[in-house]
There are 4 protein chains.
Amino acid sequence: MPKVSQTHRDNRKRQILDAAIECFARQGFQRTGMEDIIRESNLSTGAIYSYFQSKDQIIEVLADERHDREKHLVQDALTAEGWPECLHLLISRFCDSLQESRERKERRLGIHLWAEALCNPKVLRIIRRGVNQPLELLSRAIGKAQGDGHLRKEIDSNTAARVLIALFHGFVLQQAWDEHADVAAFTKAVQAMVDAYFSAVSKGRPVKIRELRSR
Amino acid sequence: MPKVSQTHRDNRKRQILDAAIECFARQGFQRTGMEDIIRESNLSTGAIYSYFQSKDQIIEVLADERHDREKHLVQDALTAEGWPECLHLLISRFCDSLQESRERKERRLGIHLWAEALCNPKVLRIIRRGVNQPLELLSRAIGKAQGDGHLRKEIDSNTAARVLIALFHGFVLQQAWDEHADVAAFTKAVQAMVDAYFSAVSKGRPVKIRELRSR
Amino acid sequence: MPKVSQTHRDNRKRQILDAAIECFARQGFQRTGMEDIIRESNLSTGAIYSYFQSKDQIIEVLADERHDREKHLVQDALTAEGWPECLHLLISRFCDSLQESRERKERRLGIHLWAEALCNPKVLRIIRRGVNQPLELLSRAIGKAQGDGHLRKEIDSNTAARVLIALFHGFVLQQAWDEHADVAAFTKAVQAMVDAYFSAVSKGRPVKIRELRSR
Amino acid sequence: MPKVSQTHRDNRKRQILDAAIECFARQGFQRTGMEDIIRESNLSTGAIYSYFQSKDQIIEVLADERHDREKHLVQDALTAEGWPECLHLLISRFCDSLQESRERKERRLGIHLWAEALCNPKVLRIIRRGVNQPLELLSRAIGKAQGDGHLRKEIDSNTAARVLIALFHGFVLQQAWDEHADVAAFTKAVQAMVDAYFSAVSKGRPVKIRELRSR
DNA sequence: AATGAATGAGGCTTCATTCAT
DNA sequence: TATGAATGAAGCCTCATTCAT
């Protein structure tokens with residue numbers, strides 16, 4: 001039989017991956033059988049296995065995809081000019097994405113990947129890249145803003161980046177557990193908090209914890 | 001053996017739960033077989049099943065325990081007097097806990113529970129309680145601080161609480177993926193950010209989002 | 001501790017056997033766990049095992065009991081004087097017993113024993129005795145009636161006994177499957193049939209099948 | 001393997017059912033493990049479960065099959081013309097079947113089903129149908145014979161049918177417990193008894209039970 | 001004697017993967 | 001290439017029985 005075109009193969013692969021996303025997002029890895037993916041993708045067992053070596057490999061590919069997406073989201077946001085703009089763009093880009101149904105589905109899948117990473121070395125490696133690359137991008141951007149004098153120097157850019165990512169991830173969880181979580185309110189609060197943090201006492205020295213305490 | 005004391009039963013239960021925590025934290029729910037828990041607990045199959053009805057029930061009990069712990073952590077912190085103290089205590093309590101090995105293990109388990117909640121209604125219910133109760137406690141504390149004039153009124157107490165929780169959860173993830181994540185730096189940054197947020201523009205009016213955006 | 005009296009032991013044994021009858025009749029052997037018998041008997045695991053060596057042994061003892069009862073039922077009926085009286089007494093004794101709730105329960109148990117006998121040599125031996133002894137008693141009684149001139153000689157006493165027993169067993173099944181089966185009607189029909197059979201053409205030669213066919 | 005024909009599927013199903021009959025007839029339901037059926041059928045665990053959902057379902061299907069066979073046996077016999085012919089055909093058909101090894105095996109299985117019915121609602125329903133349908137067929141046939149003047153009207157057709165079925169079932173038991181039970185003798189006796197019953201006192205009035213009792 | 005906690009072999013079933021067609 | 005029937009290891013759990021107290 002004739003070899004099928006690469007495009008055809010790609011389409012099939014997508015078909016499988018989309019089916020897998022659907023199933024995994026809904027039921028997690030354990031509860032999703034290959035049979036579910038097969039049914040959802042309208043393909044046959046054999047077909048699936050001619051595109052992916054195993055269920056685990058599908059998971060790994062999906063992890064890779066998510067990581068790519070995350071990186072691009074950060075990358076895109078950081079193309080904006082000027083400091084606070086970058087940050088605001090990032091926050092809104094991120095938060096906006098939580099409103100789209102497709103993205104929400106993938107975020108659920110993402111959570112399963114976060115847990116999977118804890119006991120699957122391959123996935124852990126992918127997740128680490130998926131967190132570290134955005135982290136570095138962000139960290140570098142913050143560093144640059146500091147260099148440009150838009151930001152207090154006392155802030156450790158790396159840690160600041162971590163905090164931002166933590167905020168995002170943390171909210172992804174809350175939204176997954178309660179789909180009515182108020183994204184807009186959260187967005188606003190994060191914007192405010194981050195602004196306050198980055199701009200606090202920009203005129204002189206940073207606020208010291210002790211001072212705050214005794215106020 | 002004849003009737004044993006309640007203490008004995010409790011000890012056995014703990015033995016099983018601890019074994020389960022060990023296994024689940026290390027390998028997740030799927031990869032942990034009852035056999036693993038049996039081996040780790042030094043008990044027999046039957047013994048386990050005379051204390052718990054099923055693997056799922058063990059998971060649920062562990063979820064309940066985590067939720068309780070989380071609530072108590074928040075409750076304890078909020079017993080401090082005065083506003084910023086409460087908050088700082090909470091942050092340090094939380095971050096300190098991430099340094100203890102036992103707690104780290106349980107946090108890993110916690111992440112597995114977060115994912116499990118997405119496709120296990122019972123666990124979801126438990127997790128929701130486990131998030132909502134601390135959220136309310138925190139929210140109420142913030143509200144009280146606002147009432148006492150220690151905090152800007154523009155902040156929505158509920159959302160602020162959400163943001164804090166998100167920060168914590170988000171960092172738990174980072175630490176799980178990279179056990180060398182710098183807890184101290186994170187702690188400091190969170191303290192600073194939160195202080196900045198809650199006290200921002202205390203000298204005049206709060207920064208408005210619109211202003212920030214258009215800057 | 002003091003050795004308990006034989007009476008006490010007997011009572012305990014009965015307690016266990018009654019509990020077992022209850023459970024086995026209701027749920028069969030497989031579905032009845034030792035735990036069920038323990039609960040129903042209000043004794044402890046250990047107690048049960050100090051009176052019986054195993055679940056199988058309980059079954060065997062119960063089989064023995066049933067067999068005894070069955071034998072006595074036949075024996076008692078055959079004490080009547082004169083031929084048809086014996087038979088009628090037997091039939092009514094048997095059918096009457098099907099009206100009592102206790103007996104019905106034991107009959108259900110009996111059915112389980114019938115099946116058990118097919119794959120449990122010990123029970124098979126007991127059941128065989130339980131069928132053969134009544135069979136012989138009956139057969140001998142029929143033979144005697146023939147000798148006394150009350151019955152046609154052409155009838156094979158052994159087979160006739162078999163037929164009677166088959167009628168009884170067969171109806172026990174029907175009643176077990178449908179507790180509203182009409183015992184009275186069945187009794188009457190059996191009486192009539194048996195009478196017809198035993199007395200048919202008592203004046204001369206037996207009816208030949210061929211004749212019946214061509215009539 | 002690619003899609004296989006329906007015939008192939010049917011053959012496989014039969015293969016499994018035959019293996020199950022073999023095992024169940026020999027050892028009963030409890031003592032037969034899926035492993036036994038798997039070995040006996042020369043298939044794999046998975047194969048079995050792709051044809052049947054559970055061990056219980058196999059039992060139910062077998063119960064259905066038996067019920068069908070039983071019904072057909074009666075139906076076929078009742079196609080004969082004329083009254084006593086029908087009956088004699090039925091009796092010989094039934095008794096002949098007890099001579100075939102295959103049928104004897106299935107009869108053993110049948111006994112296990114009779115017991116199973118007592119504590120398995122699904123099987124009970126099937127067994128009831130399996131008894132009631134032949135019962136009705138027979139009852140109707142007897143009624144018709146009465147209408148045609150071939151039979152005494154005093155007989156309750158329904159009860160008479162019950163008696164016949166009871167005779168058959170009862171003998172199935174005896175044969176299962178003692179494979180040397182004399183089928184031919186039993187057959188003859190049943191034929192005679194039934195003939196005597198149905199034609200008794202055809203010369204005058206039927207014998208009344210009361211008379212028999214008081215004789 | 002009595003208790004009931006503990007044991008662990010064995011039961012039923014699932015499901016990722018293979019491979020004949 | 002594509003199909004889906006077949007495989008069988010491994011999983012969760014039950015339950016008759018034992019034995020320390």
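Here is what the cut-offs are and how they apply
- Residues numbered from 1 in each chain as written.
- Chains lettered and ligands numbered in written order.
- Predicted model: local features only at pLDDT ≥ 70, side-chain atom pairs only at ≥ 80, totals over all residues.
- Heavy atoms only, no water.
- Helix = DSSP H or I, 4+ residues; strand = E, 2+ residues; numbered from the N terminus.
- Expected span 1.5 Å × (residues − 1).
- Salt bridge = Lys/Arg side-chain N within 4 Å of Asp/Glu carboxyl O.
- Least-squares fit on C-alpha atoms with pLDDT ≥ 70 in both.
- Contact = heavy atoms within 4.5 Å.
- Buried area = accessible area lost by both parts, 1.4 Å probe.
- Polar contact = N/O pair within 3.5 Å; in protein donor to acceptor, adjacent residues only side chain to side chain.
- Nonpolar A, V, L, I, M, F, W, Y, C, P; charged D, E, K, R; others polar.
- Buried < 20%, exposed > 50% of the residue type's maximum accessible area, 1.4 Å probe, protein only.
- Axes fitted to C-alpha atoms, helices over the stretch in contact; angles between N-to-C directions.
- Parallel < 35°, antiparallel > 145°, perpendicular 65-115°, else oblique.
- Left-handed = near helix turned anticlockwise from the far one by under 90°.
- Disulfide = S-S within 2.5 Å.

Chemist: So what's going on with helix α7 (residues 121-147) of chain A? Residues and values would help.
Modeler: Between its first and last C-alpha atoms α7 of chain A spans 37 Å; for 27 residues at 1.5 Å apiece the expected length is 39 Å, and the two agree. Phi turns positive one or two residues past the end of α7 of chain A, at Gly149 of chain A, with a value near 80 degrees.

Chemist: Could you give me a rundown of the pattern of salt bridges, with the residues and numbers involved?
Modeler: This model, assessed by the stated rule, comprises 80 salt bridges over all chains. Salt-bridge contacts for Arg39 of chain B lead to Asp36 of chain B; the nearest nitrogen and oxygen are separated by 3.6 Å. Of this pair, Arg39 of chain B and Asp36 of chain B are both found in helix α2 (residues 34-41), three residues apart, which corresponds to roughly one turn of the helix. Taking the shortest distance from any N to any O, the salt bridge between Glu70 of chain B and Arg66 of chain B comes out at 3.7 Å. Here the residue Glu70 of chain B and the residue Arg66 of chain B both occupy positions in helix α4 (residues 55-77), the gap between them amounting to four residues, near one helical turn. A network of salt bridges, in which partner residues are shared, links Arg14, Asp18, Glu65, Arg66, Arg69, Glu70, Arg102, Glu103, Glu106 and Arg107 of chain A.

Chemist: Would you mind going over the relation of the copies chain C and chain D in detail, with residue names and values included?
Modeler: Placing chain C over chain D gives an RMSD of 0.2 Å and needs a rotation angle of 179 degrees, together with 0.0 Å of translation along the axis. Such a combination of turn and shift is consistent with a two-fold rotation axis. Comparing interface residues between copies, 98% of those in chain C also lie at the interface in chain D; the contact surface is shared.

Chemist: Help me get a handle on the interface of chain A and chain B, residues and values and all.
Modeler: Interface size is commonly expressed as the accessible area that is lost once the parts come together. Each partner contributes residues to the interface: chain A has 53 residues there, and chain B has 55 residues. Regarding the contact of chain A and chain B, the summed buried area is about 5000 Å², with carbon and sulfur atoms giving 66% of it. Counting across the chain A and chain B interface gives two salt bridges. For Glu116 of chain B, the salt bridge is made with Arg31 of chain A, and the minimal N-O distance between the two is 2.9 Å. Here chain A is connected to chain B by 12 residue pairs in polar contact (both at pLDDT 80 or more). Of all elements in the fold, only α1 (6-31), α5 (83-97), α6 (101-117), α7, α8 (157-177), α9 (183-199) and α10 (209-214) of chain A reach the threshold of two or more residues within the side of chain A that touches chain B. By residue number, the principal contributor to the side of chain A that touches chain B is α8 of chain A, which donates 13 residues. Classifying every residue of the side of chain A that touches chain B gives 30 nonpolar, 11 polar and 12 charged.

Chemist: I'd like a rundown of the environment of Asp96 of chain B, residues and numbers included.
Modeler: Residue and element names in this part refer to chain B. The residue Asp96 is located in helix α5 (residues 83-97) in this model. When its relative accessible area of 48% is taken as the criterion, Asp96 is described as partly exposed. Considering only alpha carbons, one finds Asp96 and Ile48, 48 residues apart in sequence, at a separation of 33 Å.

Chemist: I'd like a description of unusual backbone geometry, backed by residues and values.
Modeler: Residues and elements named next belong to chain A. Positive phi, close to 60 degrees, is recorded for Asn42, a residue that is not glycine. Mapped onto the secondary structure, Asn42 falls in the loop between α2 (34-41) and α3 (45-51). Taking relative accessible area as the criterion, Asn42 reaches 66% and is therefore assigned exposed.

Chemist: Hey, could you go over the relation of the copies chain A and chain B for me, with residue numbers and the actual values?
Modeler: For the pair chain A and chain B, the relating rotation is 179 degrees, the translation along its axis is 0.0 Å, and the fit reaches an RMSD of 0.2 Å. Of all interface residues in chain A, 98% are interface residues in chain B too; the two copies therefore contact each other through one and the same surface.

Chemist: Describe the arrangement of the chains, naming the residues involved and giving the relevant values.
Modeler: Chain B makes no contact with chain C; the smallest distance between any of their C-alpha atoms is 10 Å. There is a clear gap between chain B and chain D: no contact, and 21 Å between their nearest C-alpha atoms.

Chemist: Describe the packing of helix α8 (residues 157-177) of chain B against helix α9 (residues 183-199) of chain B, and please don't skip the residues or the numbers.
Modeler: Residues and elements named next belong to chain B. As a packed pair, α8 and α9 sit with axes 12 Å apart at the nearest point and diverge in direction by 165 degrees. The orientation of α8 relative to α9 falls into the category roughly antiparallel. Pair α8 / α9 crosses with right-handed handedness. Along its contact with α8, which presents Ala160, Leu164, Leu167, Phe171 and Gln175, the element α9 presents Val183, Phe186, Val190, Val194, Tyr197 and Phe198.

Chemist: Lay out the interface of chain C and chain D in plain terms, naming residues and giving numbers.
Modeler: Facing the 53 residues of chain C at the interface are 55 residues of chain D. With both chains or domains summed, chain C and chain D bury close to 5000 Å², and 66% of this area falls on carbon and sulfur atoms. Broken down residue by residue, the surface that chain C buries against chain D is led by Leu118, Trp177 and Met193 of chain C, which jointly contribute 18%. Counting across the interface, chain C meets chain D through two salt bridges. Our enumeration of links across chain C and chain D arrives at 12 residue pairs in polar contact (both at pLDDT 80 or more). Those elements that place two or more of their residues in the side of chain C that touches chain D are α1 (6-31), α5 (83-97), α6 (101-117), α7 (121-147), α8 (157-177), α9 (183-199) and α10 (209-214) of chain C. With 13 residues, α8 of chain C is the largest single contributor of residues to the side of chain C that touches chain D. A per-class count over the side of chain C that touches chain D returns 30 nonpolar, 11 polar and 12 charged.

Chemist: Could you give me a rundown of the state of the cysteines, with the residues and numbers involved?
Modeler: Residues and elements named next belong to chain C. For the structure on display, the rule yields zero disulfides over all chains. Just so you know, Cys86 is unpaired, no disulfide at all, and the nearest cysteine sulfur is the one on Cys95, 16 Å from it. Note on Cys95: relative accessible area 1%, which makes it buried.

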